[in-house]
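Breakdown of the fold
If you want the building blocks of each chain, they are given just below.
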Amino acid sequence: MSTPAAAPPLSALTDREWRLIAAAPHQLLVDGRWVDSENGATFDVLDPATGEVLCAVADATPADGRRALEAAVTAQSSFARTSPRERADILTRAFELLHERIDDLALLMTLEMGKPVAEAKAEIAYAAEFLRHFAGEALRIDGGYQTAPAGDARFLITRQPVGPCLLITPWNFPMAMGTRKLGPAIAAGCTSVIKPAPQTPLSMLALGAILAEAGLPDGVVNIVPCTGANEVIEPLIRSGLARKLSFTGSTKVGKILLEQCADKVLRTSMELGGNAPFIVFEDADLEEAVAGAMTAKMRNMGEACTAANRIYVHESVIEEFGSRLAEKMAALRVGRGTDEGVTVGPLIDEAAQAKVTELVDDAVTRGATVLTGGTACDRVGYFYTPTVLTGVSPQARMATEEIFGPVAPLTPFSTEAEVVAAANDTPYGLVAYVYTNDLRRALRVGEAMESGMVGLNQGVVSNPAAPFGGVKESGLGREGGSIGIDEFLELKYIGIAMG
Ligand code: NAD
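Residues numbered from 1 in each chain as written. Predicted model: local features only at pLDDT ≥ 70, side-chain atom pairs only at ≥ 80, totals over all residues. Heavy atoms only, no water.

**Focus on the overall build of the chain**
- Assigned secondary structure in the chain consists of 14 helices and 20 strands.
- For 499 residues, the compact-globule estimate of 2.2 N^0.38 gives 23 Å, and the chain sits close to it at 23 Å.
- For the C-alpha atoms alone, the extent of the chain along its principal axes is close to 70 × 70 × 40 Å.
- In the chain, which comprises 499 residues, the share counted as buried stands at 57%.
- If you sum the accessible surface of the chain, you get close to 19500 Å²; carbon and sulfur atoms cover 53% of it.
- Charge centroids of the chain, computed over 43 positive and 62 negative side chains, lie 6 Å from each other. (Helix = DSSP H or I, 4+ residues; strand = E, 2+ residues; numbered from the N terminus. Rg over C-alpha atoms; globule rule 2.2 N^0.38 Å. Buried < 20%, exposed > 50% of the residue type's maximum accessible area, 1.4 Å probe, protein only. Areas by Shrake-Rupley, 256 points an atom, 1.4 Å probe, with all protein chains shown as cover. Lys, Arg positive; Asp, Glu negative; His and termini not counted. Charge placed at Lys NZ, Arg CZ, Asp CG, Glu CD.)

**Remarks on the sheet that holds strand β14 (residues 369-372)**
- With mixed pairing, the seven strands of this open sheet are ordered in space as β14-β15-β16-β13-β12-β17-β18. The outermost strands of the open sheet, each flanked by one partner alone, are β14 and β18 (453-456). In this sheet, neighbouring strand axes are inclined to one another by 25° on average, regardless of whether the strands run parallel or antiparallel.
- Relative to strand β16 (residues 407-413), strand β15 (residues 387-390) runs parallel, the two being bridged by four bridges. By the bridge assignment for β16, Leu 389 is matched with Pro 409. (Pairing = 2+ DSSP bridges. Axes fitted to C-alpha atoms, helices over the stretch in contact; angles between N-to-C directions.)

**Things to note about the pattern of salt bridges**
- A complete count under the given rule lists 34 salt bridges for this structure.
- Here Glu 234 ties to Arg 238 by a salt bridge, and the two come within 2.8 Å at their closest N and O atoms. Linking Glu 234 with Arg 238, this pair stays in helix α8 (residues 229-238), spanning four residues, or about one helical turn.
- When the shortest N-O distance is used, the salt bridge between Arg 324 and Glu 287 registers 2.5 Å. A residue pair is termed long-range when its members are at least 10 positions apart, and Arg 324 in helix α11 (residues 318-330) and Glu 287 in helix α10 (residues 286-298) qualify at 37 residues.
- Residues joined in a network through salt bridges with shared partners are Glu 282, Asp 283, Glu 416, Arg 441 and Arg 444. (Salt bridge = Lys/Arg side-chain N within 4 Å of Asp/Glu carboxyl O.)

**Let's talk about the packing of aromatic side chains**
- Counted under the stated rule, the structure contains six aromatic pairs.
- Taking NZ or CZ as reference, Arg 379 lies 4.3 Å from the ring centre of Phe 383, over its face. (Phe/Tyr/Trp six-rings, centres within 6.5 Å; stacked < 30°, edge-to-face > 60°. Lys NZ or Arg CZ within 6 Å of the ring centre and 35° of its normal.)

**Considerations on the site of the ligand**
- If you check the shell around the ligand, you find 29 residues, and the closest are Thr 169, Arg 180, Ser 250, Leu 272 and Glu 402.
- Between the ligand and Thr 169, the relevant distance is 2.7 Å, taken from an oxygen atom to a main-chain nitrogen or oxygen of the residue.
- Here the ligand occupies the largest pocket.
- For the shell around the ligand, the secondary structure elements donating two or more residues are α6 (176-188), α8, β10 (244-248) and α9 (251-262).
- For the shell around the ligand, the element with the most residues is α8, which contributes three residues. (Near = heavy atom within 4 Å. Polar contact = N/O pair within 3.5 Å; in protein donor to acceptor, adjacent residues only side chain to side chain. 1 Å grid on protein atoms, 1.4 Å probe; cavity = no way out; pocket = protein on both sides within 12 Å on 5 of 7 lines; lining within 4 Å. Sits in = over half its atoms within 2 Å of the grid points.)

**Side note on the layout of surface pockets**
- For the largest pocket, the calculated volume is near 1000 Å³.
- Taken together, 41 residues line the largest pocket, and the ones lying closest to its centre are Pro 170, Trp 171, Gly 249, Ser 250 and Val 253.
- For the lining of the largest pocket, the secondary structure elements donating two or more residues are α8, β10, α9 and α12 (350-365).
- Here the lining of the largest pocket gets six residues from one element, more than from any other, and that element is α9.
- Tallied by class, residues from the lining of the largest pocket come to 22 nonpolar, 12 polar and seven charged.
- Here the lining of the largest pocket spans two domains, since at least three of its residues come from each of domain 1 (15-273 + 476-492) and domain 2 (276-427 + 431-463).
- Each pocket or cavity is described by its volume, and for the second largest pocket that value is around 270 Å³. (Points joined across faces, edges and corners; volume = space filled by probe spheres on them. Nonpolar A, V, L, I, M, F, W, Y, C, P; charged D, E, K, R; others polar. Domains from an automatic or database assignment.)

**With respect to the confidence of the model for the chain**
- Looking at the chain as a whole, its pLDDT mean stands at 97, while 98% of the residues score no less than 70.
- Predicted confidence for residues 1-5 stays below pLDDT 50, and this span has eight contacts to residues more than four positions away or in other chains. (pLDDT = per-residue confidence, 0-100. Contact = heavy atoms within 4.5 Å.)

**Thoughts on the sheet that holds strand β5 (residues 144-147)**
- Reading across from one edge, β5-β6-β20 is the order of the three strands in this open sheet, with antiparallel pairing throughout. Of all the strands in the sheet, just β5 and β20 (489-497) have a single pairing partner and so form its edges. Taken over all neighbouring pairs, the strand axes of this sheet differ in orientation by 20° on average, direction set aside.
- Pairing analysis gives four bridges linking β5 to strand β6 (residues 153-161), with the strands arranged antiparallel. Bridge pairing links Gly 144 to Ile 157 in β6.

**Examining a nonpolar patch on the surface**
- Residues Tyr 145, Leu 156, Ile 494 and Met 498 make up a contiguous nonpolar surface patch of roughly 390 Å² in combined accessible area.
- Positionally, Met 498 belongs in the segment after β20.
- Overall, the relative accessible area of 43% leaves Met 498 in the partly exposed class. (Patch = residues over 30% accessible without salt bridge, like charges linked within 9 Å, V, L, I, M, F, W, Y side chains within 5 Å.)

**What about unusual backbone geometry?**
- The phi torsion at Val 265 lies on the positive side, around 50°, for a residue other than glycine.
- Positionally, Val 265 belongs in the loop between α9 and β11 (267-271).
- For Lys 472, which is not glycine, the phi torsion reads 50° and is therefore positive.
- Within the secondary structure, Lys 472 is located in the loop between β18 and β19 (475-476).
- Judged by its relative accessible area of 35%, Lys 472 falls in the partly exposed class.

**Remarks on the domain arrangement of the chain**
- Domains assigned within the chain are domain 1 (15-273 + 476-492) and domain 2 (276-427 + 431-463).
- Distance from the C-alpha centre of domain 1 to the C-alpha centre of domain 2: 31 Å.
- For the pair domain 1 and domain 2, the summed buried area comes to about 2000 Å², and 59% of that belongs to carbon and sulfur atoms.
- For domain 1, the biggest contributors to the area lost against domain 2 are Pro 48, Ala 49 and Trp 171; these three give 24% of the whole.
- Our count for the domain 1 to domain 2 interface comes out at two salt bridges.
- When the shortest N-O distance is used, the salt bridge between Arg 336 and Asp 47 registers 3.1 Å.
- Those elements that place two or more of their residues in the side of domain 1 that touches domain 2 are α4 (102-113) and α5 (117-138).
- For the side of domain 1 that touches domain 2, the element with the most residues is α4, which contributes five residues.
- Residue composition of the side of domain 1 that touches domain 2, grouped by class: 11 nonpolar, eight polar and six charged. (Buried area = accessible area lost by both parts, 1.4 Å probe.)

Written out as structure tokens, the structure is:
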């Protein structure tokens, strides 16, 4: 890619931002080489704070996808033979490099995704942690040796890499959703083709360059940003060359991919959408519950699968909770994520802003009261004012759809049984948050939640050392924790006759 000498006169980018964008990889990574797409096509990456085009990135075609998968297939057998220590050392070096470059990487992420730089830095640190965590797990891939019940044979049980993987990630955590898959894949000895979301390819491409610098052999990780996701990915799924698909994104797309994967019986991991309930009982510490709701709601401007989507507050404390939450939300500073002191960046695109606007208008039409916010910001970029609504009807669209924006909808409840039933009344089951100081109630309600994760008196559950994932239509499998590497390993049993 050519490097522009200086920003054009009307650009909102500073010289540093301009240089960073120009120096970042913009091509496909195939078999260890940076290449243009075979037909030379590119697509634009935009700054969601201004709508300005940041740069053009190579747009992979189905033929590019095929070349990338063939490179992964070719690299698979030699990579599977590398020692666990070798793979752990590469991951550890990449972890270190992410920290060394954290300022530039965070700024790059803010420019393409919009989140404030402080949040982008937190994401890079979180993303790096997956690499360090799985560097450790690479060394702990275990097996077994067992005597057959009849005593006439022995069972040798070992774990082997699944084989070449297809990895697909969303735009909301452009780097961490990549390392949450690549960390365990590399640790297990799997090669892969990864497709980032077209809104945010730059962070993933930067990660590809860092993995190469850390010593990852050519062809082990191939990166194919593209705008034609279905045209590029479906033939790869059906090719018979890949052994696994790991997807993070919407439930709608996850279901399509599951159907495609049935064709060749690919192993699948699915991290899909959520509709998290956040329950505040009357005995909760209200100050902590408000702080937890701020985290659970506002991390990533509400654009998180784990975002509190339905906030149920006991009727005796809802007024107090609502006014404290509204005060904190109104005090947030909305703006371009690169600006000092900004705590809320823009939404990812115009469609996201339009959807949040529609959902809020619908809730208000159905009787909700606006405590603060309630409108899109009157400025360039896809901003929405931090909003608190109270008295949100269970019939409102936002009770069943992911809001994916800075909107906190409060609904009162009176009994534990009623709120547990309401919280579980959704096809999703990713995470639930429960605030109470009654230990028995905490455990009872925690166990009753139909979700893969529960935050008890805490507004964040994501931790690379914990098993992240959902039940029901929120997904299949777990990422992170000691179990995360199992998604990339096959068990093999060798029977040994002892007659
Ligand atoms: P999305 O499903 O639209 O896209 C996700 C990825 O899939 C993107 O890379 C996209 O280009 C690709 N894609 C879209 N259609 C495809 C197809 N037919 N074949 C192959 N790939 C295809 O989701 P999004 O808008 O990017 O992300 C937001 C969604 O992701 C939300 O629903 C959110 O809850 C979910 N999410 C889940 C988790 C989790 O861990 N459970 C984490 C982050 C985001």
